[in-house]
Amino acid sequence: MEVKSPEELAKEATKAYQSGEYLEAGAAFKAAADGYEAANDALQAAEMRNNQSVALLQGDDAEGALAVVQGTDAIFAAAGDKLRQAMALGNQASALDALKRLEEAEAAYVASADLLKELGEDDLRATVMQSLSALQLRSGRQLEALATMKAGVDNVEKPNLRQRMLKRLLKLPQKFMNKS
């Protein structure tokens, strides 16, 4: 039986993920994380746990996704890696959202978006704000959802076609309010 390095396991996991084999990818990311932990590389292990979480969420295992991602934000924070901390918070929020733990999900989305704003990561922040906006919309908070969506796309320097259309659409309610 061949022993694989964490790097090889991570490559296999990525390949499985790209092929839509999410649960297989999750297992391979777990093996990679375990390998990095054995090598005392806490940051890479946390990164693999985040990847595992995304794969499990795609494979409809929200509970598993949340279990493996919890605490990874603290590992990145301790290392001063705010970008990966923000991503970990976003992954936690997605898992919480899927589990219908909406208040906790909203807090994690906001924390992620705040860090991304601080880092000037406007495109990533826009994605997080879209998820937060969708959560607010499902919670019956339409005006708040609109404001959140607008805040998410306003600072994107080079918006794609979808974001440009969204920006125009989001200006309409404001125009109507200003006319009254």
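Residues numbered from 1 in each chain as written. Predicted model: local features only at pLDDT ≥ 70, side-chain atom pairs only at ≥ 80, totals over all residues. Heavy atoms only, no water.

Visitor: Just checking my understanding: could you explain the nonpolar core for this structure?
Guide: Soluble globular proteins tend to bury their nonpolar side chains together. Counting 20 residues, the largest nonpolar core has Leu66, Ala105, Tyr109 and Val128 as its most contacted members. Of all the secondary structure elements, the ones that give two or more residues to this core are helix H4 (62–69), helix H6 (82–98), helix H7 (102–119) and helix H8 (122–138). Broken down by element, this core gets its largest block of residues, six residues, from H7. By size, the runner-up hydrophobic cluster in this structure holds 13 residues, among which are Ala25, Ala28, Phe29 and Ala32. (Core = buried A, V, L, I, M, F, W, Y, C linked by side-chain atoms within 4.5 Å. Buried < 20%, exposed > 50% of the residue type's maximum accessible area, 1.4 Å probe, protein only. Helix = DSSP H or I, 4+ residues; strand = E, 2+ residues; numbered from the N terminus.)

Visitor: What is the right way to read the pattern of salt bridges from this model?
Guide: Pairs may arise between side chains of opposite charge once their charged atoms sit close together. Summed over the entire model, instances satisfying the criterion amount to nine salt bridges. Notably, a salt bridge pairs Arg49 with Asp34, separated by 2.8 Å at the nearest N-O pair. Residue Arg49 is located in helix H3 (residues 42–58), and its partner Asp34 is located in helix H2 (residues 22–38); the two are separated by 15 residues in the primary sequence. Its salt-bridge partner being Arg101, residue Glu104 comes within 2.8 Å of it at the nearest N-O pair. Looking at Glu104, the relative accessible area reads 40%, which means it is partly exposed. If you follow the salt bridges from partner to partner, you end up with Lys30, Asp34, Glu37 and Arg49 in one network. (Salt bridge = Lys/Arg side-chain N within 4 Å of Asp/Glu carboxyl O.)

Visitor: Whenever I open this one, the side chain of Gln52 confuses me. Can you help?
Guide: Within the secondary structure, Gln52 is located in helix H3. What Gln52 contacts, discounting residues up to four positions off in sequence, is Gly26, Phe29, Lys30 and Val68. (Contact = heavy atoms within 4.5 Å.)

Visitor: How should I be thinking about the packing of helix H1 (residues 6–18) against H2 in this particular structure?
Guide: Two quantities define a packed helix pair, namely the angle between the helix axes and the distance between the axes. Contact geometry of H1 with H2 gives a least axis separation of 8 Å together with a crossing angle of 165°. Between H1 and H2, the interaxial angle falls into the category roughly antiparallel. Crossing angle aside, the handedness with which H1 passes H2 is left-handed. Where H1 abuts H2, its residues Pro6, Glu7, Leu9, Ala10, Ala13, Thr14, Ala16 and Tyr17 lie against Tyr22, Glu24, Ala25, Ala28, Phe29, Ala31, Ala32, Gly35 and Tyr36. Residue classes in the contact of H1 with H2 are distributed as 13 nonpolar, two polar and two charged. (Axes fitted to C-alpha atoms, helices over the stretch in contact; angles between N-to-C directions. Parallel < 35°, antiparallel > 145°, perpendicular 65-115°, else oblique. Left-handed = near helix turned anticlockwise from the far one by under 90°. Nonpolar A, V, L, I, M, F, W, Y, C, P; charged D, E, K, R; others polar.)

As far as function goes, none of this settles anything; it's purely spatial.
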